[in-house]
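Structure assessment
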Amino acid sequence: MPNALVAAAAEGLPKIFEGENNFGETVPAKNGVSRRSVLGALAALPVALPALAEPAEHPDADLFWLDQEMAEAEAQMNRANKACERVGRKADKLFPPRPAAWKEPSMPDYLSEMMGGMLVRDLAYPEKQPAPLRDWYRACEEQRAACRALQEAHEDKVDEIYREAGIDAAEAAYSARSAEFFRVGDRILATPAHTLQGLVVKLRAADKIDAKSEALISIAADIRRLAGEAA
């Protein structure tokens, strides 16, 4: 059985121009709609969804991101520093004994008396010194040179042990991480702040990289801009 027609009061709904009566006769339809036609018309209508408002970005979003980036750079720098410390502790166990520092011996009394009999202006000229005094100074210089050679050999051995333990790579990694940490800090100070939260980020960065003077200049410019002063 066809759907019963209802009167269509709303504009824009489709009109049915023909239909059948209960006797199967085709008759002109009144201005009306069936349930089937209503559903079809509604399905064809475009659906207007409410626009979703995007959340407003914080004025200092860039500074907040840099703050997180600096925290990560600091963590990586600290890890690299700990790696250097581990290499150092490992190498310390392999170092040879350090040679004793050279200490000039006391001058014998007879040489002191010999020296006391010289003119003050002649003391600076070895050729004017008595032979025993010259020999004593020469022996002292040879001892000093021998001790210096032992110290240098010890330092070379220490460097060799450090290299074998991996200190070069560890220090290079630390230098790179440290440079990145300070680079992010400089970027923070170079980024304008628009709120108190942004100023706090700058202060925190300045404390970490010990750049208080640079921070003062940067923050002063921010305050002038927020106050409406021309740059």
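Residues numbered from 1 in each chain as written. Predicted model: local features only at pLDDT ≥ 70, side-chain atom pairs only at ≥ 80, totals over all residues. Heavy atoms only, no water.

The secondary structure content of the protein chain amounts to 7 helices and 4 strands. The secondary structure elements of the protein chain, listed N-terminal to C-terminal, are β-β-β-β-α-α-α-α-α-α-α. Taken across its 231 residues, the protein chain has 23% of its residues classed as buried. The long-range share in the protein chain, meaning contacts at least 24 apart out of those at least 6 apart in sequence, stands at 65%. Surface summary for the protein chain: the accessible area is close to 17000 Å², and the carbon and sulfur share equals 57%. (Helix = DSSP H or I, 4+ residues; strand = E, 2+ residues; numbered from the N terminus. Buried < 20%, exposed > 50% of the residue type's maximum accessible area, 1.4 Å probe, protein only. Contact = heavy atoms within 4.5 Å. Areas by Shrake-Rupley, 256 points an atom, 1.4 Å probe, with all protein chains shown as cover.)

At a minimum axis distance of 10 Å, the contact between helix α2 (residues 61-92) and helix α6 (residues 196-209) shows a crossing angle of 25 degrees. The orientation of α2 relative to α6 falls into the category roughly parallel. For the pair α2 and α6, the sense of crossing is left-handed. For the pair α2 and α6, contact is made by Leu63, Phe64, Asp67, Met70 and Glu74 and by Gln197, Gly198, Val201, Arg204, Ala205, Lys208 and Ile209, respectively. Partitioning the contact of α2 with α6 into residue classes produces 6 nonpolar, 2 polar and 4 charged. (Axes fitted to C-alpha atoms, helices over the stretch in contact; angles between N-to-C directions. Parallel < 35°, antiparallel > 145°, perpendicular 65-115°, else oblique. Left-handed = near helix turned anticlockwise from the far one by under 90°. Nonpolar A, V, L, I, M, F, W, Y, C, P; charged D, E, K, R; others polar.)

Time to look at the packing of α2 against helix α4 (residues 131-165). Two elements in contact, α2 and α4, have axes whose closest approach is 9 Å; the angle formed by their N-to-C orientations is 130 degrees. Of the possible angle classes, the one that applies to α2 and α4 is oblique. Every pair of crossing elements has a handedness; the one defined by α2 and α4 is right-handed. Between α2 and α4, the contacting residues are Val87, Gly88, Ala91 and Asp92 on the first element and Ile161, Tyr162 and Ala165 on the second. Partitioning the contact of α2 with α4 into residue classes produces 5 nonpolar, 1 polar and 1 charged.

This paragraph deals with the environment of Arg134. Position of Arg134 relative to the elements: it lies in helix α4. For the pair Arg134 and Leu111, spaced 23 residues apart in sequence, the C-alpha separation works out to 9.9 Å. Residues contacting Arg134, with those up to four places away along its chain left out, are Pro126, Glu127 and Gln129.

One side chain can pair with another of opposite charge once the charged atoms of both are near each other. Under the counting rule described, the total for this entry stands at 13 salt bridges. Between Arg187 and Glu69 there is a salt bridge, with the nearest N and O atoms lying 3.0 Å from each other. Linking Arg187 in helix α5 (residues 167-190) with Glu69 in helix α2, this pair joins segments that are 118 residues apart in sequence. Arg187 sits in the partly exposed class, given a relative accessible area of 40%. Residue classification places Glu69 among the partly exposed residues on the basis of a relative accessible area of 32%. One salt bridge connects Glu104 with Arg144, and the closest N-O pair in it is separated by 3.9 Å. Within this pair, whereas Glu104 is found in the loop between α2 and α3 (109-116), its partner Arg144 is found in helix α4, the two being separated by 40 residues in sequence. Residue classification places Arg144 among the partly exposed positions, given a relative accessible area of 25%. (Salt bridge = Lys/Arg side-chain N within 4 Å of Asp/Glu carboxyl O.)

Moving on: the nonpolar core. Considering soluble globular proteins, one finds that nonpolar side chains tend to be buried as a cluster. Counting residues in each nonpolar core, the largest one holds 18 residues, and the members touching the most others are Leu63, Met70, Phe181, Ile188, Leu189 and Ile209. Secondary-structure elements contributing two or more residues to this core are α2, α5, α6 and α7 (212-226). If near-sequence neighbours (up to four positions away) are discounted, Leu63 is found in contact with Ile188, Thr191, Pro192, Ala193, Gly198 and Val201. (Core = buried A, V, L, I, M, F, W, Y, C linked by side-chain atoms within 4.5 Å.)

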